[in-house]
Amino acid sequence: MRTMRLTQEGVVFLIALVLFVGFAITLTDFVSPGNLMTLLRSVAILGILGLGMGLVVVGRGIDLSMVAVMVVAVSWAIVIGQTEIGFATGILAGLIFCILTGLVVGVLVAYAEVPAIFTTLAMGSIVYGIGRSLFFTLDVQNVPPGNEWFAFLGRGTILGIPMAIIAFGIVAAVLHLVLRKTRFGRFIYASGDNPQAARIAGLPYRPLLVTQYVVSSCIAYVAGLVMAASVSGMNTRIFNSTMIYDVLLVVVLGGIGLAGGRGGVRNVIVGTLLVGVLLNGMTIMNISLTYQNLIKSVILLMAILIDTLLNPRDEQTSQQGDI
Amino acid sequence: MSNAVLEMRGVTKEFRGVPAIQSIDFTLRDGEVHALLGENGAGKSTLSKILAGVHHPTSGDLLMDDRPLVLSTPADALHKGIAMVFQETNLVPSMTVAQNIYLGDEKLLNRLRGLYIQAQQFLQSLNFHVDPMALVSELGAAQKQMVEIARAVHHKARIIIFDEPTATLTPEEKHHFFNLVRRLKQQGVSIVFISHALEEALALSDRITVLRDGQHVVTDDTRNFDRHKIIQAMVGRTLSGDLYGTGGQQDRAVRRPGRRVLSVQNVSMGRIVRNTSFSVFSGQVTGFFGLVGAGRTETLKIIAGAHKRDTFFGGEVVFEGRRVRYRVPRKAVRDGIVYVTEDRKIEGFFETMSIAENIHMGHLATGTNPLSIVSMREARAMAAEWIKALDVKAIDGNARIIELSGGNQQKVVIAKALIQKPKLIIFDEPTRGVDVGAIVEIHGLINRLADEGIAVVVISSYLPEIMNLSDRILIARQGKIVEEMDRREANEQKIMYAAVH
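Residues numbered from 1 in each chain as written. Chains lettered and ligands numbered in written order. Predicted model: local features only at pLDDT ≥ 70, side-chain atom pairs only at ≥ 80, totals over all residues. Heavy atoms only, no water.

Student: Requested: an account of the side chain of Glu316(B), with residues and values cited.
Tutor: All names here are of chain B. Topologically, glutamate 316 is positioned in strand β14 (residues 316-319). A polar contact of 2.5 Å, which involves the side chain of glutamate 316, links it to the side chain of arginine 323. Dropping the residues within four chain positions of it, glutamate 316 is found in contact with Ser263, Val264, Gln265, Val267, Arg309 and Arg323. (Helix = DSSP H or I, 4+ residues; strand = E, 2+ residues; numbered from the N terminus. Polar contact = N/O pair within 3.5 Å; in protein donor to acceptor, adjacent residues only side chain to side chain. Contact = heavy atoms within 4.5 Å.)

The structure is reproduced here in structure tokens:
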């Protein structure tokens, strides 16, 4: 049965490769070391966010509050760092804020049974509103000077590999192990595949949901720290950008079905590569943001279309064992 | 009388190169009731869907009145006089009966009053007692079926195909349905009737066709058949320990009740479960019989923690001498109460996972440490043991569960429950949608479990199954247990009487 069937994952990887080669040939600056570094770094942040989103989507949820959580928690950490309390304590405060937000979202989704998409959409705005009104007033927070270790997290390299990529790699590896090898990970797949069956089988369904959202908002925090470290600050306006949809694009393009229970870390990595190459190439080509969004959407549609053509939902196979 | 109205000649249908039915010849005569029988995966549904224009044959010909027939869509088939009444009814729940009957015929401006009058007259002419202004979502299963049939008749269907029409009906509704089929037959409608219940086929049909593994086995007049012959044709062998037969099974000794494992007093949940009380003992099978809607599933789901009983005056559940109130199934599972669902597709298995992963998930669920390492090798070894014990027919544990037949899926779901080492196991309709061969095996398994000393509860709407399996029979009606019988004193008439009156 296991023939070389092209999966969406494979298709997306091929497209990413073709795009990369195409850009490398046609765009002069594309393969310059400076640009590749930028590409990888921007991709890394998107990728880390994608990992968090991927986890939630595997569990049949969605977390649209990730960007808001990232922006607000990191900004708060920086604002605290600018006072005499110290940056390290600030980072801890930001982490606690993330955990609390994740808990609130999780409890609303799991116990109040509000659909995840609405809960997180609203929570995103609430979190951002809280941040704007209580934690900070400026649009851009700058990391207080004298925190070299923090700057290293963003701009340093180990063996020539930027720290951002390493952070992405670590989060990906840990998440992969957790998803594939631990009881928690298997439970996520089971509850994403069939929540009712998971409940009846005796899985701790609701605590699982809550944990997912806590983990995803912590992963968003990691992404935010890497971002703040690499540009020495946090621009809170990215809450208003389409970033969260880029993250979703990464996840869906990579082949993690929104129906839950399918896909894994590999899919996120592949999706990240494609979206990263695409965004970077288009920016170098000087395509306006509006067109970039249009192109992204068309690509998303195409990916889904190709997937349906390659893996048709055959009525007979989907109804196997029905009667 | 014997002229063919619809004919299939050498029809083959392949799905991705795998034939679901192979060179089938099938004739439907004018004004006959033709029963189509076979195990799961025998190709009954595929055949009927080809007749209804849902699928297109890969090769072979369809003929109607001796002229070649091409059905492009179900609507086309309906237009040509072939209607199919599906297992799940195809009505719009938020519309009224009248609107559903005339669905698709609406003019630009649709006058509802006229529609209701028209529908009323039409339904009366068919002798259906359904209110044309009622919303379909409020109707019972039998009435929904009437509406579907009315729709078929309205479209002047000459051929009506019923896919498992009686599966969801109560005995009384079945009686109505049979009368209806006979009436349709008198009006010259030809009927194809797919069923799992052999008695119904024997009672209702003029001719019977049996399919096996996508191939035609036999077609003959009903009077030349009996249960035994049909089963033999369906499975291709004689079943040892005759299914629901009058043989040894029926006369085996009643198991003595063991410890009182579960005691339920005055449990209530809304208007579905009302002050019900009963006990379950270890080492025997307790059968739960009742009509659809008697609250059996709900009662036992309360015990398994899947439903919550009323907070106030909700009664008392005592499991192994302890009062329990489970808010989630997890606690019940860890205490040893396991519920095997009646609808495995919705709440039984994980469709993206393999057989091994499904079975192993049952084991994982009993553990607590979320970070403990899961070994796939251990999973496969554990699953292999159960696959062997329950005789699941699959190449190996890596096969995906949706590739299995209904019977084998059910076995996997049961394995997933048994791996949790239950003290009380609840089977809800354990053989629904399961083929004849697997039914025998599952019944054997249930008996073995009881012999091993586990308290077993079996919910079933099928009387022979209850009679065959249980040592004690509890009969539910309108949300409570109304009667308890020892299997020695029980007979079908007594049970039915208790369930209805």
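Having put the structure on the table, let's press on.
Student: I'd love a proper account of the packing of helix α8 (residues 183-193) of chain A against helix α13 (residues 355-365) of chain B, names of residues and values included.
Tutor: Relative orientation of the contacting elements α8(A) and α13(B) amounts to 120 degrees, with a least axis distance of 11 Å. Between α8(A) and α13(B), the interaxial angle falls into the category oblique. As for how α8(A) packs across α13(B), the hand of that crossing is left-handed. Side by side, α8(A) and α13(B) meet where Arg183(A), Arg186(A), Phe187(A) and Ala190(A) of the first sit next to Glu357(B), Met361(B), His363(B), Leu364(B) and Ala365(B) of the second. Considered class by class, the residues forming the contact of α8(A) with α13(B) number 5 nonpolar, 1 polar and 3 charged. (Axes fitted to C-alpha atoms, helices over the stretch in contact; angles between N-to-C directions. Parallel < 35°, antiparallel > 145°, perpendicular 65-115°, else oblique. Left-handed = near helix turned anticlockwise from the far one by under 90°. Nonpolar A, V, L, I, M, F, W, Y, C, P; charged D, E, K, R; others polar.)

Student: Provide a residue-level description of the nonpolar core, including the pertinent values.
Tutor: Grouped together as the largest cluster of nonpolar side chains are 98 residues, with contacts concentrated most on Leu49(A), Met53(A) and Met70(A). If you tally residues by element for this core, the top one is helix α10 (residues 205-231) of chain A, at 15 residues. What Leu49(A) contacts, discounting residues up to four positions off in sequence, is Met66(A), Met70(A), Ala220(A), Ala223(A), Met243(A) and Val247(A). Core analysis: the second largest hydrophobic core is formed by 49 residues, Phe128(B), Val147(B), Ala157(B) and Ile231(B) among them. (Core = buried A, V, L, I, M, F, W, Y, C linked by side-chain atoms within 4.5 Å. Buried < 20%, exposed > 50% of the residue type's maximum accessible area, 1.4 Å probe, protein only.)

Student: A description of the sheet that holds β14(B) should follow, citing residues and the corresponding values.
Tutor: All names here are of chain B. Reading across from one edge, β12-β11-β14-β15 is the order of the 4 strands in this open sheet, with antiparallel pairing throughout. Strands with a single pairing partner mark the edges of an open sheet, and in this sheet they are β12 (273-281) and β15 (322-324). Across the sheet, the axes of successive neighbouring strands diverge by a mean angle of 20 degrees, strand direction being ignored. Lying on the sheet, helix α10 (residues 296-303) is in contact with β11 (260-269), β12 and β14; it crosses β12 at an angle near 65 degrees. (Pairing = 2+ DSSP bridges.)

Student: Pulling in residues and values, what's your account of a nonpolar patch on the surface?
Tutor: A surface patch of nonpolar side chains, about 480 Å² in accessible area, is lined by Leu92(A), Leu95(A), Ile96(A), Ile99(A), Leu100(A) and Leu103(A). As for its position among the elements, Leu92(A) is in helix α4 (residues 87-110). (Patch = residues over 30% accessible without salt bridge, like charges linked within 9 Å, V, L, I, M, F, W, Y side chains within 5 Å. Areas by Shrake-Rupley, 256 points an atom, 1.4 Å probe, with all protein chains shown as cover. Salt bridge = Lys/Arg side-chain N within 4 Å of Asp/Glu carboxyl O.)

Student: Lay out the side chain of Arg186(A) in plain terms, naming residues and giving numbers.
Tutor: Topologically, Arg186(A) is positioned in helix α8. Within the local environment of Arg186(A), its side chain forms a polar contact with the side chain of Glu357(B), the two groups lying 2.7 Å apart.

Student: A description of the sheet that holds strand β20 (residues 480-486) of chain B should follow, citing residues and the corresponding values.
Tutor: Residues and elements named next belong to chain B. Strand order across the open sheet formed by 6 strands is β16-β17-β18-β13-β19-β20, with mixed pairing between neighbours. Sheet topology places β16 (337-340) and β20 at the edges, where each strand pairs with a single neighbour. On average, each strand axis in the sheet is inclined to that of its neighbour by 20 degrees, with strand direction left out of account. Relative to strand β18 (residues 455-460), strand β17 (residues 424-428) runs parallel, the two being bridged by 5 bridges. Bridge pairing in β18 links isoleucine 426 to valine 457. Contacts from α10 reach β13 (285-290), β16, β17, β18 and β19 (472-477), with the element oriented near 150 degrees to β18. Relative to β19, helix α18 (residues 492-500) is tilted by about 30 degrees, and along the sheet it contacts β13, β19 and β20.

Student: Outline the interface of chain B and chain A, listing residues and values.
Tutor: Facing 54 residues of chain B, the contacting portion of chain A comprises 33 residues. Here chain B packs against chain A, burying approximately 3,600 Å² in sum over the two surfaces, 51% of which is carbon and sulfur. The interface formed by chain B and chain A holds 2 salt bridges in total. Linking Arg262(A) and Glu351(B) is a salt bridge whose minimum nitrogen-to-oxygen distance equals 3.7 Å. (Buried area = accessible area lost by both parts, 1.4 Å probe.)

Student: Just give me the short version of the packing of aromatic side chains, but keep the residues and values in it.
Tutor: Within the structure shown, the criterion is met by 8 aromatic pairs over all chains. Ring centres 4.2 Å apart and planes at 15 degrees place the aromatic pair Tyr128(A) and Phe239(A) in the stacked group. In this pair, Tyr128(A) sits in helix α5 (residues 116-135) while Phe239(A) sits in the loop between β4 (233-235) and α11 (243-254), placing the two residues 111 residues apart along the sequence. According to the relative accessible area criterion, Tyr128(A) is buried, its value standing at 11%. Grouped by ring-pair contacts, the aromatic residues Phe162(B), Phe177(B), Phe178(B) and Phe193(B) constitute a single cluster. Of note, Lys229(B) hangs over the ring of Phe225(B), and the distance from its end group to the ring centre comes to 5.8 Å. (Phe/Tyr/Trp six-rings, centres within 6.5 Å; stacked < 30°, edge-to-face > 60°. Lys NZ or Arg CZ within 6 Å of the ring centre and 35° of its normal.)

Student: Give me the pattern of salt bridges: which residues, what numbers.
Tutor: Pairs may arise between side chains of opposite charge once their charged atoms sit close together. For the structure shown, the criterion picks out 22 salt bridges over all chains. Asp221(B) is the salt-bridge partner of Arg223(B), the closest N and O atoms lying 3.3 Å from each other. Owing to a relative accessible area of 69%, Arg223(B) belongs among the exposed residues under this scheme. Two residues, Lys423(B) and Glu320(B), come together in a salt bridge whose shortest N-O distance is 3.4 Å. Here the residue Lys423(B) occupies a position in the loop between α15 (406-418) and β17, and Glu320(B) occupies one in the loop between β14 and β15, the gap between them amounting to 103 residues. Residue Glu320(B) is classed as partly exposed on the basis of its relative accessible area, which comes to 31%. Among the charged side chains, a salt-bridge network with shared partners connects Arg132(A), Asp139(A) and Arg237(A).

Student: I'd like a rundown of the environment of Asn35(A), residues and numbers included.
Tutor: Residues and elements named next belong to chain A. Relative to the elements of secondary structure, asparagine 35 occurs in helix α2 (residues 33-58). For the pair asparagine 35 and valine 231, spaced 196 residues apart in sequence, the C-alpha to C-alpha distance is 16 Å. The residues touching asparagine 35, leaving out its near neighbours within four places in the chain, are Asp29, Phe30, Asn280 and Ile284.

Student: Residue-level account of helix α3 (residues 66-82) of chain A, with values.
Tutor: If you check α3(A), its first and last C-alpha atoms are 24 Å apart, about what 17 residues at 1.5 Å a residue would give, namely 24 Å. With 14 of its 17 residues buried, α3(A) lies for the most part within the structure. (Expected span 1.5 Å × (residues − 1).)

Student: Please give an account of the confidence of the model for chain A that cites residues and values.
Tutor: For chain A, mean pLDDT is 82; residues scoring 70 or higher make up 91% of the total. In the predicted structure, residues 313-323 of chain A sits below a pLDDT of 50 and forms 29 contacts with residues beyond four places in sequence or in another chain. (pLDDT = per-residue confidence, 0-100.)

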